[in-house]
Amino acid sequence: DPEQLELATGGNKKLRRFIVIDEVVDELYGSKVREYFEENNVQHKILALPTTEETKSMDLVLNILQEVQKFSIDRRTEPIIAIGGGVCLDIVGLAASLYRRRTPYIRVPTTLLSYVDASVGAKTGVNFLQCKNKLGGYTPPVASFLDRSFIQSIPRRHISNGLGEILKMALMKHKGLFDLLKSHGKYLLDTKFQSCSGCADHRDAALQTTRIAIETMLEELAPNLWEDDLDRLVDFGHLISPELEMRVLPALMHGEAVNIDMAFMTYVAHTRGLITAEEKEQIIQCMRGLELPVWHRGCSWPLIQTALMERLKHSGGQPRMPLPTGLGVAEIFNDTSEETLERAYKLWVRD
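Residues numbered from 1 in each chain as written. Predicted model: local features only at pLDDT ≥ 70, side-chain atom pairs only at ≥ 80, totals over all residues. Heavy atoms only, no water.

Asks: Any details on the pattern of salt bridges? Residues and values, ideally.
Replies: If you walk through the whole model with that rule in mind, you get 27 salt bridges. Residue Asp190 is joined to Arg156 by a salt bridge in which the shortest nitrogen-to-oxygen separation is 2.9 Å. Separated by 34 residues along the polypeptide, Asp190 in helix α7 (residues 175-191) and Arg156 in helix α6 (residues 156-173) bring together distant segments of the chain. In this structure, Lys168 and Glu165 form a salt bridge, with 2.9 Å as the shortest nitrogen-oxygen distance. A residue pair is termed a helical-turn pair when its members lie 3 or 4 positions apart in one helix, as Lys168 and Glu165 do in helix α6 at 3 residues. The pair Lys168 / Glu165 is uniform in exposure class, with both members buried. (Salt bridge = Lys/Arg side-chain N within 4 Å of Asp/Glu carboxyl O. Helix = DSSP H or I, 4+ residues; strand = E, 2+ residues; numbered from the N terminus. Buried < 20%, exposed > 50% of the residue type's maximum accessible area, 1.4 Å probe, protein only.)

Here you go:
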């Protein structure tokens with residue numbers, strides 16, 4: 001909006017920004033961020049915090065809000081900036097939505113998982129009573145700035161973690177993306193999603209993979225931003241994983257827990273006759289190629305039962321279970337029997 005731009009940059013008013021940055025990201029990039037704001041003559045406050053699943057709480061949100069209040073921002077023209085992984089973006093989003101009822105905020109994702117997942121959509125939230133994202137809301141950012149160069153500094157396991165969410169979109173909506181992950185997965189892990197002009201064989205697989213993952217995610221989320229419709233293909237991998245992830249913290253990262261859920265649901269799809277044995281094997285081998293776990297001892301049959309009961313409570317009394325019906329195609333099912341689930345579980349554990 002030209003008028004808002006003029007209001008923000010015109011006159012003698014100095015630009016001011018409040019930035020929340022994950023403390024690990026601050027160690028790596030904090031000096032560059034400070035240099036950027038100083039060179040552009042922006043008065044700023046940078047708050048570096050430990051943003052992990054274990055610290056993802058209302059206490060941290062209130063800590064941020066106390067600092068915002070001290071710094072004092074214009075709630076219309078001075079957006080809060082969040083720089084970090086998905087946990088950081090979720091926490092800051094919730095803090096911004098609470099401050100003066102809704103203060104604009106900007107997401108700058110620094111992990112592969114947050115680049116393709118948390119940067120897209122409107123969800124904010126924190127963990128509560130040992131339940132994942134039990135408190136939160138739907139407040140989209142005014143912008144997400146995507147820069148893949150951040151990803152080169154994260155450990156290999158974190159790249160695999162993000163590939164779990166990318167694979168989710170491939171299995172649900174896009175066989176071409178699945179084929180990209182099968183043929184270029186190791187290359188993407190080795191190069192940490194950095195574009196390489198000299199690697200003609202891979203034709204910038206990093207750009208193609210992230211672009212398709214984000215576009216397919218947007219196709220699913222944009223028409224249903226506030227989840228008025230509870231039938232969501234993006235819930236694939238998210239029926240059992242919230243319970244598993246919180247139960248075994250910090251043993252599993254989010255994308256790893258999601259992938260274990262997806263691996264089990266792949267067996268459910270096969271047991272139901274929705275996919276062939278060959279398709280099941282292709283999916284599991286792709287997961288292994290992306291260095292993702294396909295099973296965890298913490299994912300017991302009682303845990304699966306508990307997780308699915310919890311699912312019923314929050315999805316209108318229906319399981320609304322997304323399952324692959326081929327490679328890159330899926331449907332939502334409400335009629336999977338406990339017998340089928342248990343049979344799939346036994347096959348999964350056996351394999």
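Read on, since the account is not over.
Asks: How would you summarise the domain arrangement of the protein if you had to cite specific residues and measurements?
Replies: The domain architecture assigned to the protein consists of domain 1 (14-151) and domain 2 (155-224 + 232-350). Computed from C-alpha coordinates alone, the two centres of domain 1 and domain 2 are separated by 27 Å. Taken together, the 19 residues of domain 1 in the interface contact 29 residues of domain 2. Between domain 1 and domain 2, a total of about 1,900 Å² is buried, with carbon and sulfur atoms accounting for 68% of that surface. Our enumeration of links across domain 1 and domain 2 arrives at 2 salt bridges. Among the salt bridges present, the one from Lys132 reaches Glu245, with a minimum N-O distance of 3.3 Å. Across the domain 1-domain 2 interface, the total number found is 6 residue pairs in polar contact (both at pLDDT 80 or more). Contributing elements (two or more residues each) for the side of domain 1 that touches domain 2: α5 (112-118), β5 (123-128) and β6 (131-138). (Domains from an automatic or database assignment. Contact = heavy atoms within 4.5 Å. Buried area = accessible area lost by both parts, 1.4 Å probe. Polar contact = N/O pair within 3.5 Å; in protein donor to acceptor, adjacent residues only side chain to side chain.)

Asks: Describe the UniProt feature "domain: 3-dehydroquinate synthase N-terminal" (unreviewed entry) in the protein, with residues and values.
Replies: The UniProt feature table records "domain: 3-dehydroquinate synthase N-terminal" (unreviewed entry) at residues 48-160. Annotated as 35% helix and 25% strand, the span residues 48-160 places its first and last C-alpha atoms 26 Å apart. (UniProt positions renumbered as here; feature names shortened; annotations may be inferred.)

Asks: Explain the sheet that holds strand β4 (residues 105-109) to me, using residue names and the numbers behind them.
Replies: With respect to topology, 5 strands assemble into an open sheet ordered β2-β1-β3-β4-β7, the strand pairing being parallel. Of all the strands in the sheet, just β2 (43-49) and β7 (143-144) have a single pairing partner and so form its edges. Bridge count for β4 against β7 is 2 bridges, and the pairing is parallel. The partner of Ile106 across the bridge, within β7, is Ala143. With respect to the sheet, helix α2 (residues 23-39) is in contact with β1 (16-22), β2 and β3 (80-84), its orientation differing from that of β1 by roughly 160°. (Pairing = 2+ DSSP bridges. Axes fitted to C-alpha atoms, helices over the stretch in contact; angles between N-to-C directions.)

Asks: How would you summarise the nonpolar core if you had to cite specific residues and measurements?
Replies: Grouped together as the largest cluster of nonpolar side chains are 70 residues, with contacts concentrated most on Leu167 and Phe264. Sort the elements by how many residues they give to this core and helix α10 (residues 254-271) lands first, with 10 residues. When residues of this core are assigned to domains, at least three fall in each of domain 1 (14-151) and domain 2 (155-224 + 232-350). Look past the residues within four positions of Leu167 in its chain and what remains in contact with it is Phe178, Leu181, Asn259, Met262, Cys286, Met287 and Leu290. If you look at the next biggest cluster of nonpolar residues, it comprises 25 residues, including Val20, Ile64, Ala82 and Val92. (Core = buried A, V, L, I, M, F, W, Y, C linked by side-chain atoms within 4.5 Å.)

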